[in-house]
Amino acid sequence: MSTIEKALAKQKLAQQEKITNITEHEVENEAIVSKTTSTSVPETSEPVNNKESCNKDKIILNGDRLNERGFIYSPDSAHHIQEEFRHIKRKLLNNAFGLASKTLHNSNLIMVTSSHPNEGKTYIAINLALSIALEQDKTVLLIDADVLRPSLHRELEFDSKKGLLEYLLAEVTSLSDIIYSTNIENLKLIPAGKPHHLTNELLASERMESLAKELAERYPDRIVIFDCPPILGVTETPVLSDLVGQALIVVEESKTKTDDVKTAVSQLNNDIAIGLVMNKTIRSKKDIYGYYGYGYGRKNQ
Ligand SMILES: Nc1ncnc2c1ncn2[C@@H]1O[C@H](COP(=O)(O)OP(=O)(O)OP(=O)(O)O)[C@@H](O)[C@H]1O
Ligand SMILES: [Mg+2]
């Protein structure tokens, strides 16, 4: 049995034992994920001192524009998008702060990745961050860790700023200098920063490791989401999985090959919680984009 199948089997068992409450919605999503994973070729917390310490340069997000472009911004955002993300984030938050957090290292650090480029990582990472920041009493820090193809600033429409790369290059010494507040109280951002010739290599650096450690120690009550590069062909992405407690893998409906998902998952750290999100992309009309499915499991269990 493959790791993904084992994860799904374990999830099913947990459901039977009533460890989790089954809702109609979850059953529906489980079916979606099973379909993807079994088809061989589908063609296709606040800082310790309780004071926020942020860069003074605040990022102002335009809610109307975000809504227009398919992102969750307010209670008026398309209902089904909010519902889908409620389902996804509930599992992630349980893993981050519930019972499972005791067995996960850095359970509140979540990487969003995929097998290949362009499967919707940034779209999912942003919507997940917005969904948690708007609806939960939790602060979310969203980091553009896709330093070779940064797109957070483009998607959220703010000017590119000093960010992760400047920190990794030690051009900026204090983490608080690259954390930006936004006009959403619970949402903070770290942009990718200015590209550098060692861009991807820096993700596997010791400084990146200490950044993850600092984030986990200084902000244990906060959800930290890393929008990462894809897994296949980018050796640094699996290295990043050693720094986080959870990974969300975006699978593009009718496009991502099951074997690629399996290969990608096999490259990640064995000890983290892994969730799959099925993303169906209709680029021309983001407000009617289909659905997401979500499956969760620990590898090798
Ligand atoms: N569910 C969705 N509905 C509508 N559009 C989507 C959806 N998911 C992604 N997109 C669009 O598809 C394109 C690719 O998505 P995105 O940039 O999030 O992918 P990515 O995996 O982050 O790509 P990259 O590998 O380049 O970082 C973007 O134009 C995005 O707005
Ligand atoms: Mg991206």
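Residues numbered from 1 in each chain as written. Chains lettered and ligands numbered in written order. Predicted model: local features only at pLDDT ≥ 70, side-chain atom pairs only at ≥ 80, totals over all residues. Heavy atoms only, no water.

(A) Local environment of the overall build of the protein chain. Looking only at helices and strands, the protein chain features eleven helices and nine strands. Counting only carbon and sulfur atoms, one obtains 49% of the accessible surface of the protein chain, whose full area is about 13,400 Å². (Helix = DSSP H or I, 4+ residues; strand = E, 2+ residues; numbered from the N terminus. Areas by Shrake-Rupley, 256 points an atom, 1.4 Å probe, with all protein chains shown as cover.)

(B) Highlighting unusual backbone geometry. For Asn118, which is not glycine, the phi torsion reads 70 degrees and is therefore positive. Counting through the fold element by element, Asn118 comes out in the loop between β2 (109–114) and α5 (121–135). We classify Asn118 as partly exposed; its relative accessible area is 46%. Even without being a glycine, Ser254 presents a positive backbone phi close to 65 degrees. Positionally, Ser254 belongs in the loop between β7 (246–252) and α11 (258–266). (Buried < 20%, exposed > 50% of the residue type's maximum accessible area, 1.4 Å probe, protein only.)

(C) Highlighting the environment of Gln136. On the secondary structure map, Gln136 appears in the loop between α5 and β3 (140–144). Sequence separation between Gln136 and Asn186 is 50 residues; the distance between their C-alpha atoms is 8.8 Å. What Gln136 contacts, discounting residues up to four positions off in sequence, is Lys89, Leu93, Ser131 and Asn186. (Contact = heavy atoms within 4.5 Å.)

(D) Seen up close, the packing of aromatic side chains. In this structure the tally under the stated criterion is one aromatic pair. Aromatic pair Phe71 and Tyr123: ring centres 5.3 Å apart, planes at 40 degrees, arrangement tilted. Separated by 52 residues along the polypeptide, Phe71 in the loop between α3 (63–68) and α4 (79–97) and Tyr123 in helix α5 bring together distant segments of the chain. According to the relative accessible area criterion, Phe71 is buried, its value standing at 1%. (Phe/Tyr/Trp six-rings, centres within 6.5 Å; stacked < 30°, edge-to-face > 60°.)

(E) Structural view of the pattern of salt bridges. Considering all chains together, one arrives at nine salt bridges under this definition. For Lys161, the salt bridge goes to Asp57, with nearest N and O atoms at 3.2 Å. Residue Lys161 is located in the loop between α6 (152–156) and α7 (164–168), and its partner Asp57 is located in strand β1 (residues 55–59); the two are separated by 104 residues in the primary sequence. A residue is classified by how much of its surface remains accessible, and Lys161, at 18% relative accessible area, is buried. A salt bridge links Glu155 to Arg69; its shortest N-O distance comes to 3.1 Å. Linking Glu155 in helix α6 with Arg69 in the loop between α3 and α4, this pair joins segments that are 86 residues apart in sequence. Judged by its relative accessible area of 15%, Arg69 is buried. Shared partners join several salt bridges into a network, and the residues in it are Glu83, Arg86, Lys89 and Glu135. (Salt bridge = Lys/Arg side-chain N within 4 Å of Asp/Glu carboxyl O.)

(F) Summary view of the confidence of the model for the protein chain. Summing up the model confidence of the protein chain, the mean pLDDT is 80 and the portion of residues at 70 or higher is 74%. Counting interchain partners and residues more than four positions distant, the pLDDT-below-50 stretch residues 7–51 has 83 contacts. With pLDDT under 50 throughout, residues 283–301 is counted as low confidence; its partners more than four residues away or in other chains account for 83 contacts. (pLDDT = per-residue confidence, 0-100.)

(G) Region of interest: the pairing of β7. The element β7 is largely enclosed, with a buried count of seven among its seven residues. Of the two faces of β7, the one carrying Gln246, Leu248, Val250 and Glu252 and the one carrying Ala247, Ile249 and Val251 are both buried. Bridge analysis of β7 against strand β8 (residues 273–279) gives seven bridges, and the strand direction is parallel. When the bridges of β8 are listed, Ile249 appears paired with Leu276. In this fold, the crossover linking β7 to β8 by way of α11 has right-handed handedness. (Pairing = 2+ DSSP bridges. Right-handed = clockwise from strand over helix to strand, strands pointing away.)

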